[in-house]
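Reading the structure
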Amino acid sequence: MTAPFAEATLGPDQTSPGRTKVFVKSYGCQMNVYDATRMTDLLAAQGYSEAAREEEADLVVLNTCHIREKATEKVYSELGKLASLKQERGASGRDFRIVVAGCVAQAEGVEVLRRQRAVDLVVGPQSYQRLPELLTRTTRGERLTDTDFAVEDKFLALRRTAAERRGVGAFVTVQEGCDKFCSFCVVPYTRGAEVSRPVEQIVEETEALAEAGVREITVIGQNVNAYLGADAAGGEWSLARLLERLARVPGVTRLRYTTSHPVDMAQDLIDAHGALPQLMPFVHLPVQSGSNRVLKAMNRRHDADAYLDLVARLRAARPDIALSSDFIVGFPGETDEDFEATLDLIRKVGFASTFSFKYSARPGTPAAERDDQIDEDVKSERLAALQELVEAQRRDFNVATVGRTVDVLFEKPGRHDGQIAGKSPYMQAVHATGGLELIGAVAPVTIVAAGSNSLAGKLAGGAFREAPL
Ligand code: SAH
Ligand code: SF4
Ligand code: F3S
């Protein structure tokens, strides 16, 4: 239900969609990136135009993330800046509206309106299809929140309309929400229960993207490998089956998926890595901790051995597969011994890339209630030690590519004239000398040097000029 917040902050309606420039700023995960393009497309269809920067906009949508305390605090500091901008505009008689969307909107609702009086609308991730109507109401001076888990199909209402603007790679949401309830995590509360999009919708969207020139599709979901989507005949498809179907869409040369939960890593998905050439040999598989005691307290539903077994099976299906993961240090009650077990797991696996975080207590989650919270200093020490190890692994992984020839999908011009940039199958950024006509193409590249953030290569058989890193 839309809850009106009885307060008028705006004058009479000076806006119409035709004149309004909108800027959507996203924080957090790929789901927010995808949602931001959907919101922009939806508003474009209503006649709103896209602003290049917030300063040029009449309407700013902050698409927020609630995952850690810092992410949420960033939203309020950004809102402070926007409030000043709104005041300046107001002084010169111009309208400026501020919308808070995403996971902070869902988690805090009306509290956002209370904490920052310049905010006009708070809209949760399951209500974006109602944005045009809600925005019309804000022009009448209403301040609103809408954080319903709507019954209508959000994805149908938010159809992709502007694929041609989106470049060589694109995200396609196939699953949203989470039923796992890890004891540290807000996502099940902000995104709701696991829902999978029907197969046909995803195929149609992928075909449209491929026709518009997209070559790499990353299917995304909070638990993407829990995907169980309906087909028109009433059947249920696993993620592996969906990927196999998407691999047959003409123009799609590469497929990826993220983020996976270890317990949903089914054998058919592992096998797909051996069977589907379009499926890239890179899996982001968050483990969070290597300690069985901590994994249990996190409610992750598997132990360290089960994770190592999964890694072994992935490597058996596709020997060159590269792995990436997320880690949390300083979960309540984590001992030095628990932390050592995490380092031990990292040494055993060898990761190509990782994300690591200090545990952040989140309101409403079970772990936040525990009375054995870890000191910030200890968290910082553990994070530094973990990052030193994973950074060394990342460097080793990149250096090991030197001398090899890998397929690169070129995505954009490089930083220097005559250079183009793309990605290896293992998500490494690669620069090579070559013409812009290669953008969108996959070409074999021999890697000649590994820099800190990218690899330099030469087109196999082509001329190479030393690429500055
Ligand atoms: N669905 C994914 C991850 C979603 S959130 C999964 O199951 O792994 C992305 C990452 O943020 C998580 O993998 C975790 O490492 C981190 N994270 C989530 N909640 C956190 C918290 N309260 N404190 C610190 N890191 C957190
Ligand atoms: Fe959060 Fe766990 Fe769900 Fe991932 S699986 S979104 S970490 S609750
Ligand atoms: Fe953040 Fe929400 Fe994504 S909390 S990580 S934006 S699902």
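As the structure is a prediction and not an experimental result, all values here were calculated from the model. (Residues numbered from 1 in each chain as written. Chains lettered and ligands numbered in written order. Predicted model: local features only at pLDDT ≥ 70, side-chain atom pairs only at ≥ 80, totals over all residues. Heavy atoms only, no water.)

As for the pairing of strand S11 (residues 216-220)
Taken across its five residues, S11 has five buried, putting it largely inside the fold. Strand direction decides the pairing type here: strand S8 (residues 169-173) and S11, joined by five bridges, are parallel. Residue Phe171 lies in a different strand from S11, and its bridge partner there is Thr218. Across five bridges, S11 lies against strand S14 (residues 254-258) in parallel orientation. Among the inter-strand pairings, Thr218 is bridged to a residue of S14, identified as Arg256. (Buried < 20%, exposed > 50% of the residue type's maximum accessible area, 1.4 Å probe, protein only. Helix = DSSP H or I, 4+ residues; strand = E, 2+ residues; numbered from the N terminus. Pairing = 2+ DSSP bridges.)

A look at the site of ligand 1
Residues in contact with ligand 1 amount to 15 residues; listed here are only the nearest, Phe184, Gln222, Gln288, Asp326 and Ser360. Take Arg68: an N or O atom from its side chain is 3.1 Å from an oxygen atom of ligand 1. One of the backbone nitrogen or oxygen atoms of Gln222 is found 2.8 Å away from a nitrogen atom of ligand 1. Look at ligand 1: alone it shows 540 Å² of surface, and the protein chains cover 89% of it. Where the shell around ligand 1 is concerned, the elements lending two or more residues are strand S16 (322-329) and strand S17 (353-358). Split by residue class, the shell around ligand 1 holds six nonpolar, four polar and five charged. Summarising the domain contributions, the shell around ligand 1 has at least three residues from each of domain 2 (162-280) and domain 3 (281-304 + 313-397). (Near = heavy atom within 4 Å. Polar contact = N/O pair within 3.5 Å; in protein donor to acceptor, adjacent residues only side chain to side chain. Areas by Shrake-Rupley, 256 points an atom, 1.4 Å probe, with all protein chains shown as cover. Nonpolar A, V, L, I, M, F, W, Y, C, P; charged D, E, K, R; others polar. Domains from an automatic or database assignment.)

Examining the domain arrangement of the protein
According to the domain assignment, the protein consists of domain 1 (6-146), domain 2 (162-280), domain 3 (281-304 + 313-397) and domain 4 (405-459). Distance from the C-alpha centre of domain 1 to the C-alpha centre of domain 3: 35 Å. Residue-level contacts link five residues of domain 1 with four residues of domain 3. Of the roughly 420 Å² buried between domain 1 and domain 3 on both sides combined, carbon and sulfur atoms contribute 45%. Per-residue buried area on domain 1 facing domain 3 is highest for His66, Arg68 and Glu69; these three make up 84% of the total on that side. Viewed at the interface, domain 3 and domain 1 are joined by zero salt bridges. A per-class count over the side of domain 1 that touches domain 3 returns one nonpolar, two polar and two charged. (Contact = heavy atoms within 4.5 Å. Buried area = accessible area lost by both parts, 1.4 Å probe. Salt bridge = Lys/Arg side-chain N within 4 Å of Asp/Glu carboxyl O.)

Here we look at the site of ligand 3
Taken together, Cys29, Asn32, Thr64, Cys65, His66, Ile67, Cys103, Val187, Arg191 and Gln222 make up the full set of residues adjacent to ligand 3. Looking at the shell around ligand 3 residue by residue, the class counts come to five nonpolar, four polar and one charged.

Observations regarding the sheet that holds S17
Taken in spatial order, the three strands make up an open sheet running S15-S16-S17, and their pairing is parallel. Of all strands in the sheet, those bounded by a partner on one side alone are strand S15 (282-284) and S17. The average undirected angle you get between the axes of adjacent strands in this sheet is 10°. Where S16 meets S17, six bridges bridge the pair, whose relative direction is parallel. Among the inter-strand pairings, Ile328 is bridged to a residue of S17, identified as Phe357. (Axes fitted to C-alpha atoms, helices over the stretch in contact; angles between N-to-C directions.)

Quick notes on the sheet that holds S8
Taken in spatial order, the three strands make up an open sheet running S8-S11-S14, and their pairing is parallel. Edge positions in the open sheet fall to S8 and S14, since each of these has one partner strand only. When strand polarity is set aside, the average angle formed by the axes of neighbouring strands in this sheet is 25°.

Quick notes on the environment of Glu73
For Glu73, the position within the fold is in helix H2 (residues 69-91). Residue Glu73 is classed as partly exposed on the basis of its relative accessible area of 36%. Residues Glu73 and Val104, 31 residues apart in the sequence, show an inter-C-alpha distance of 9.8 Å. At 3.3 Å, the side chain of Glu73 forms a polar contact with the side chain of Arg115.

Examining the packing of aromatic side chains
Counted under the stated rule, the structure contains five aromatic pairs. When the ring of Phe181 is compared with that of Tyr189, the centres are 5.5 Å apart and the planes differ by 75°; the resulting orientation is edge-to-face. Ring centres of Phe327 and Phe351 lie 5.6 Å apart, and the angle between their planes is 80°; on these two criteria the pair is classed as edge-to-face. One end of the pair, Phe327, is in strand S16; the other, Phe351, is in the loop between helix H13 (336-349) and S17, and 24 residues separate them in sequence. (Phe/Tyr/Trp six-rings, centres within 6.5 Å; stacked < 30°, edge-to-face > 60°.)

Quick look at the packing of H13 against helix H14 (residues 376-401)
Contact geometry of H13 with H14 gives a least axis separation of 10 Å together with a crossing angle of 10°. Between H13 and H14, the crossing angle belongs to the class labelled roughly parallel. The residues of H14 that touch H13, namely those facing Asp336, Phe339, Thr342, Leu343, Ile346 and Arg347, are Arg382, Ala385, Leu386, Leu389, Val390 and Gln393. Residues belonging to the contact of H13 with H14 are distributed by class as follows: seven nonpolar, two polar and three charged. (Parallel < 35°, antiparallel > 145°, perpendicular 65-115°, else oblique.)

Overview of the pairing of strand S2 (residues 21-26)
Sheet topology places S2 next to strand S3 (residues 49-50); two bridges connect them, and they run parallel. By the bridge assignment, Lys21 is partnered in S3 with Ser49. Relative to strand S4 (residues 59-64), S2 is paired through five bridges, and the arrangement is parallel. Within S4, the residue paired with Phe23 across the bridge is Val60.

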